[in-house]
Amino acid sequence: IRRVSRNVFLHIHNLDLQFHLQKNTGVLTRIIDRGGRSIQFTLNSMVFSVVPMVLEIGLVSAILAAQASWHYSAVCFSTIGA
């Protein structure tokens with residue numbers, strides 16, 4: 001996230017003077033800030049919600065396949081996935 005923010009910052013500073021005179025810098029700053037926050041929110045939700053859930057479903061399915069039968073594992077996996 002920092003690298004992307006830094007690259008955007010450098011790109012904006014490398015634009016010509018005419019661009020900065022014609023654009024409202026407050027709006028541009030707000031758009032960049034929203035983009036950074038949305039990337040951070042997406043990464044946080046993936047790391048703390050989606051990945052553990054997929055790991056848990058995989059482990060439960062593997063345990064069911066090992067202890068009972070792959071039929072139970074398939075039913076569990078398809079029920080949660082639907």
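Placed above this text is the structure.
Just so you know, the residues in each chain are numbered from 1, in the order the chain's sequence is written. It should be noted that, the model being predicted, local features are given only for residues of pLDDT at least 70 and side-chain atom pairs only at 80 or more, the latter also being counted only at that level, while totals for whole chains, interfaces and linings use all residues. By convention in this description, side-chain values take in all heavy atoms of the structure and omit both hydrogens and water.

1. Thoughts on helix α3 (residues 25-67)
Note: α-helices contain 3.6 residues per turn, so residues at a spacing of three or four share the same orientation. Here is the rule we go by: Secondary structure elements are taken from DSSP: a helix is a run of H or I of four residues or more, a strand is a run of E of two residues or more, and numbering for both begins at the N terminus. One less than the number of residues in a helix, times 1.5 Å, gives the span that helix is expected to have. Bend is the name given here to the angle between axes fitted to two runs of seven residues, the run ending at a residue and the run starting at it. The cut-offs for exposure are 20% and 50% of the maximum accessible area for each residue type, with area from a 1.4 Å probe on protein chains only; residues under the lower value are buried, those over the upper are exposed, and the others partly exposed.
Taking 1.5 Å of rise per residue, the 43 residues of α3 would be expected to cover 63 Å, and the 62 Å separating its terminal C-alpha atoms lies within 8% of that figure. Its axis deflected by about 40° at Met46, α3 carries its strongest bend there. Burial in α3 covers these residues: Gly36, Ile57 and Ser61.

2. Quick word on the side chain of Ser73
Convention followed: Nitrogen and oxygen atoms within 3.5 Å of one another constitute a polar contact, given that in protein one can donate a hydrogen and the other can accept it, and given that sequence-neighbouring residues count only through two side-chain atoms. Note on contacts: a residue pair is in contact if any heavy atoms of the two residues lie within 4.5 Å.
With respect to the element layout, Ser73 can be found in helix α4 (residues 70-81). For Ser73, the side chain forms a polar contact with the main-chain oxygen of Ser61, separated by 2.8 Å. Ignoring any residue separated from it by four or fewer positions in sequence, one finds Ser73 in contact with Ser61, Ala62, Leu64 and Ala65.

3. Topic: the pattern of salt bridges
Side chains carrying opposite charge are able to pair once their charged atoms draw close together. As a reminder, the rule being used: Should a side-chain nitrogen of Lys or Arg be within 4 Å of a carboxyl oxygen of Asp or Glu, the pair is scored as a salt bridge.
This model, assessed by the stated rule, comprises one salt bridge. With a closest N to O distance of 3.1 Å, Asp33 and Arg37 form a salt bridge. Taken as a pair, Asp33 and Arg37 lie in helix α3 at a separation of four residues, close to a single helical turn. Assessed through its relative accessible area of 39%, Asp33 is described here as partly exposed.

The values are spatial; any link to function lies outside them.
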